[in-house]
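# Residue-level structure breakdown
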Amino acid sequence: MSDPKLHPETRFSNHHRAYPDLETSLSALHAPSGRSPSAVTHLGPNGSDAVDWTVTVVDAAGQPMVGIEVRFDVHAVYPLGEWRSLDAIKARFGRSQGWRDKRLLGTVSPVSVITDTNGEATTRYTASHVAGDDPRRKGEEQVVARIANGGTTSATVHLGYTHLREVKAIRGGLVFAPNTRGRWAHRQLAGFLEEVGHAIRRQGWPQPLVLTNLSYPWGGLMPPHSGHLHGLSIDARPMSTNGGPTWAGQASCPKTSDRAANYDRQRMQTLARALVESGATRFFFNDQEIPEASCAPFHHHHLHVSWLSPLAADAEYECFEPVEETPDADLALEAAPIGAAPALVEDIVSTVDTPIQRDTPRFRLGTELVEVVALVKAAEARARFNVNGESLTVAVLDTGLNTAHVDFLGRIPTQRNYTADNNGDPENAWDGNGHGTNVAGIIVANEDHIGIAPQARVVPIKVLSNAGGGSFTAILDALRWVHDNHQTYDISTVCMSLGGQDNYQTDELLGDNEVSRAIAALKKKRIAVVIAAGNDFYRHDSQEGMSFPAIIRDCISVGAVYDNNEGGFSYQSGAVAFSTDTDRITPFSQRLHPTTNSFCYTDIFAPGAPVTSSGINGPNGESVQQGTSQATPVTCGVVLLAQEFYQRATGELPEIDDLIDWIRSSGVAIFDGDDEDDNVINTQKEYLRIDAVRLLSQIKSRIEVQDLLRQKALLPCPR
């Protein structure tokens, strides 16, 4: 009898020859729905999508061979993880899925099958509830068939989920904890979660609900929990009295009596009822006094909620219609740069936090703002170099401005609105959030509070709504307006305390996007665009980088430090400063060192935590906030002083590249990791913090040298 071989009927690009004279390939990959072998395999509504994998064994004459053992095996390509071990899969799926029934489920393999009278060996492959956490990087498993003489064939199964969408939870009352897996949800469930977030926001809670995990059986990085094989499940932190998570301790349960002192049962009860009303079918949480929850000791740090929705129950639901993708389409998708042109693709600016508001100042001058001014030596610079910003204007792209506040009276030449707030009036930038007023006050306040450049004018441009969110489309419109109107209002600086939740180490992947082009156009006009580096260092696992658009090399990017010993702080992102002191980098501040990218790195740091400034509660309102959002206007104010000094001496604004060089070379060295006391991994690298006196002193020296060179050029040549 001649040697058997796997019949070459359907060829795949990754088939190979075990021996020179042995052709091997798959004979067919059949899906019950009749999809072709090249179609993307979608997970079904019950958490798995079974396909029959058949090979035909033939002899040298091409005749089918009976009784040949074919060994099938499955190898996970991406993603990998401990939960894909045999024991983990049996624990999660064994009772309901029948993993022993010749199912190639993840690592539950190999399986041996004897060929029938047609020479065919067939086994059932069940996709193992997993894909990538980003549709641009698809989950993959490789299915391999072998026969005894070494004949082998394999094919890669792409678990492509074209119906997934990233959950933009930060737009509402939700936020993801660091290391969260499963942010890509079914497109309808993603919208549902965002609605939950908006409902929380409407409750008036100042902090969001912190999600620690999403899982769902039809796609995403995580498989469903045991007992939650259908629908969607989430893990979330218990809420505290300030509306945020309880970061330590436990809720009460018969088996664990201790709980966090700031645990807020009333908020948790309200949240539980809202979730149950939304259709939650299971609710595990370690608090026996919440009727909706089943008390479970192993849920002492989080609540676990699951839904059995029509999406899980109805196999004919339109969202599960198969979508065929050609190999070329797959390659194009996988080759697309992550984060390409976010200004126009995602078009979402992360929601800014609402500051703490007071009706009147605690002191005539907010102590935190005084500390900020002292650290960067702004008052000393104003006195020594006779500057205060009076000849210039800053455009603040933010949530607007309390235009009736005494801190800004007589210094608002115009205002613009690119949101639907204030009845969509394009000339009404009234601030219903407070973030923009706090930011503007840090720069130009001059009554109840004293900003860095207290005589400069301010043009409030409302690009973020009163809810704190916005779009890059609005920002692009605002930047173009500044470009067209900067001469009319003497705008020399743009302040952008905003950005996405992303973390870039280069701007090269962003493509030729319009926001970058707009900033470059302003740079040519010698208008400095100062942008916050981002507040998600902890969320991004302490990885260096900055958010968009701070990563753009033509802007001035700003990180945040503490200005004094203010005690400890816990932030909603999960970042914690156990103690604080002058020039310690805040644990939330994103940062990028020039050794990582010499073209676009964090230009400068400035005090930004906490900062007291102008508020929206009436004409004398006061607000307190922390973030790179506050460090950015500090830098803007110093830039205005530098621009005024240079313009007075030379008759023109400085080139932006020169200005950035002066800011960097005059900065005070700070080290990330020498005395920081926080829960992030410090980079152990040296950065720079802005100093107004050193900056203006350097500019003065440069101007004097330029004058000397010009005078020498006018001297007659020696004979």
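Computed from a predicted model, the values in this text were never measured in an experiment. (Residues numbered from 1 in each chain as written. Predicted model: local features only at pLDDT ≥ 70, side-chain atom pairs only at ≥ 80, totals over all residues. Heavy atoms only, no water.)

Moving on, we get to the overall build of the protein. For the protein, the helix and strand inventory stands at 14 helices and 30 strands. Buried positions account for 56% of the 719 residues belonging to the protein. Summing over all exposed atoms, the protein offers an accessible surface of approximately 28600 Å²; the carbon and sulfur share of this is 49%. (Helix = DSSP H or I, 4+ residues; strand = E, 2+ residues; numbered from the N terminus. Buried < 20%, exposed > 50% of the residue type's maximum accessible area, 1.4 Å probe, protein only. Areas by Shrake-Rupley, 256 points an atom, 1.4 Å probe, with all protein chains shown as cover.)

Below, the discussion takes up helix H12 (residues 628-650). Between its first and last C-alpha, H12 extends 32 Å over 23 residues, near the 33 Å set by a 1.5 Å rise per residue. Most of H12 sits out of view: 19 of its 23 residues are buried. (Expected span 1.5 Å × (residues − 1).)

The next thing to look at is the state of the cysteines. This structure, assessed with the given rule, holds zero disulfides. Cys495 takes part in no disulfide bond, and the closest cysteine sulfur to it belongs to Cys636, at a distance of 3.7 Å. Its sulfur unpaired, Cys600 is 8.9 Å from the next cysteine sulfur, which belongs to Cys555. The buried category is assigned to Cys600, whose relative accessible area is 2%. (Disulfide = S-S within 2.5 Å.)

Residue position: Arg273 is located in helix H3 (residues 265-277). When the C-alpha positions of Arg273 and Pro291 are compared, they lie 9.2 Å apart, and in sequence the two are 18 residues distant.

With that settled, consider the packing of aromatic side chains. Counted according to the given criterion, the structure contains eight aromatic pairs. Pairing Tyr646 with Trp662 gives two aromatic rings, centres 5.6 Å apart and planes at 40 degrees, and the pair type is tilted. In this pair, Tyr646 sits in helix H12 while Trp662 sits in helix H13 (residues 656-665), placing the two residues 16 residues apart along the sequence. On the accessibility criterion, Tyr646 (8% relative accessible area) is buried. Through a chain of ring-to-ring contacts, the aromatic side chains of Tyr562, Phe569, Tyr571 and Phe588 assemble into a single cluster. (Phe/Tyr/Trp six-rings, centres within 6.5 Å; stacked < 30°, edge-to-face > 60°.)

Turning our eyes to something else, we now look at the sheet that holds strand S27 (residues 611-614). Taken in spatial order, the three strands make up an open sheet running S17-S28-S27, and their pairing is antiparallel. Two strands bound the open sheet, and with one partner strand each, they are strand S17 (356-358) and S27. Averaged over all adjacent pairs, the angle separating strand axes in this sheet is 25 degrees, with direction ignored. In this structure, S27 lies alongside strand S28 (residues 622-625), joined through four bridges in antiparallel fashion. Looking at S28, one finds that Ser613 is bridged to Ser623. (Pairing = 2+ DSSP bridges. Axes fitted to C-alpha atoms, helices over the stretch in contact; angles between N-to-C directions.)

Right, let's get into the packing of H12 against H13. Running from N to C, H12 and H13 cross one another at 120 degrees; their axes reach a closest spacing of 12 Å. One way to sum up the angle between H12 and H13 is to call them oblique. The two elements H12 and H13 meet at a crossing, and its hand is right-handed. Taken together, the residues of H13 that come into contact with H12 (itself represented by Val639, Ala642, Gln643 and Tyr646) are Leu659, Trp662 and Ile663. (Parallel < 35°, antiparallel > 145°, perpendicular 65-115°, else oblique. Left-handed = near helix turned anticlockwise from the far one by under 90°. Contact = heavy atoms within 4.5 Å.)

Turning our attention to the pattern of salt bridges. The tally for this structure, following the rule as stated, stands at 19 salt bridges. Residue Arg480 pairs with Glu514 through a salt bridge whose shortest N-O separation is 2.4 Å. Here the residue Arg480 occupies a position in helix H10 (residues 472-489), and Glu514 occupies one in helix H11 (residues 514-524), the gap between them amounting to 34 residues. Asp583 is paired through a salt bridge with Arg689; the nearest N and O atoms lie 2.8 Å apart. On the criterion of sequence distance, the pair formed by Asp583 in the loop between strand S25 (576-577) and strand S26 (604-609) and Arg689 in strand S30 (residues 686-689) is long-range, its members being 106 residues apart. Like Arg689, Asp583 is buried. (Salt bridge = Lys/Arg side-chain N within 4 Å of Asp/Glu carboxyl O.)

Residue Pro549 follows Phe548 across a cis peptide bond; omega there is 15 degrees. For Arg526, which is not a glycine, the phi torsion comes out positive at approximately 65 degrees. Relative to the assigned elements, Arg526 resides in the loop between H11 and strand S22 (528-532).

Right, let's get into the confidence of the model for the protein. Across the protein, the average pLDDT comes to 76, with 66% of residues at or above 70. Contacts for the low-pLDDT stretch residues 93-102, under 50 throughout, to residues beyond four places or in other chains number 22 contacts. Note on residues 217-230: pLDDT is under 50 here. Beyond four places in sequence and across chains, it has 76 contacts. (pLDDT = per-residue confidence, 0-100.)

Within the secondary structure layout, Asp541 lies in the loop between S22 and strand S23 (556-562). With 139 residues separating them along the chain, Asp541 and Val680 place their C-alpha atoms 7.7 Å apart.

The next thing to look at is the pairing of S22. Most of S22 sits out of view: five of its five residues are buried. The alternating pattern of S22 places Ala528, Val530 and Ala532 on one face and Val529 and Ile531 on the opposite face, and all of these are buried. Sheet topology note: the strand S21 (residues 491-496)/S22 ladder contains four bridges and is parallel. Directly across from Cys495, in S22, lies its bridge partner Val530. As defined by bridge partners, S22 adjoins S23 across three bridges and the pair is classed as parallel. Each bridged residue has a counterpart across the sheet, and for Ala532 the counterpart in S23 is Val558.

Glancing now at the packing of H10 against H11. Helices that pack against each other are described as a pair by the angle of their axes relative to one another and the distance between those axes. The geometry of H10 relative to H11 is characterised by a closest axis approach of 10 Å and an angle of 20 degrees between their N-to-C directions. For the element pair H10 / H11, the angle class is roughly parallel. H11 is crossed by H10, and the crossing has left-handed handedness. Between H10 and H11, the contacting residues are Phe472, Leu476, Leu479, Arg480, Val482 and His483 on the first element and Glu514, Val515, Ala518, Ile519, Ala521 and Leu522 on the second.

On the secondary structure map, Asp536 appears in the loop between S22 and S23. With relative accessibility at 5%, the residue Asp536 sits in the buried group. Residues contacting Asp536, with those up to four places away along its chain left out, are Gly500, Gln501, Phe588 and Gln590.

So, on to the pairing of strand S20 (residues 457-462). Among the six residues of S20, five are classified as buried, and the element is accordingly described as predominantly covered. When strand S18 (residues 393-398) meets S20, the two strands line up parallel, connected through six bridges. By the bridge assignment for S20, Val396 is matched with Pro460. One ladder, built from two bridges, connects strand S19 (residues 416-417) with S20; its direction is parallel.

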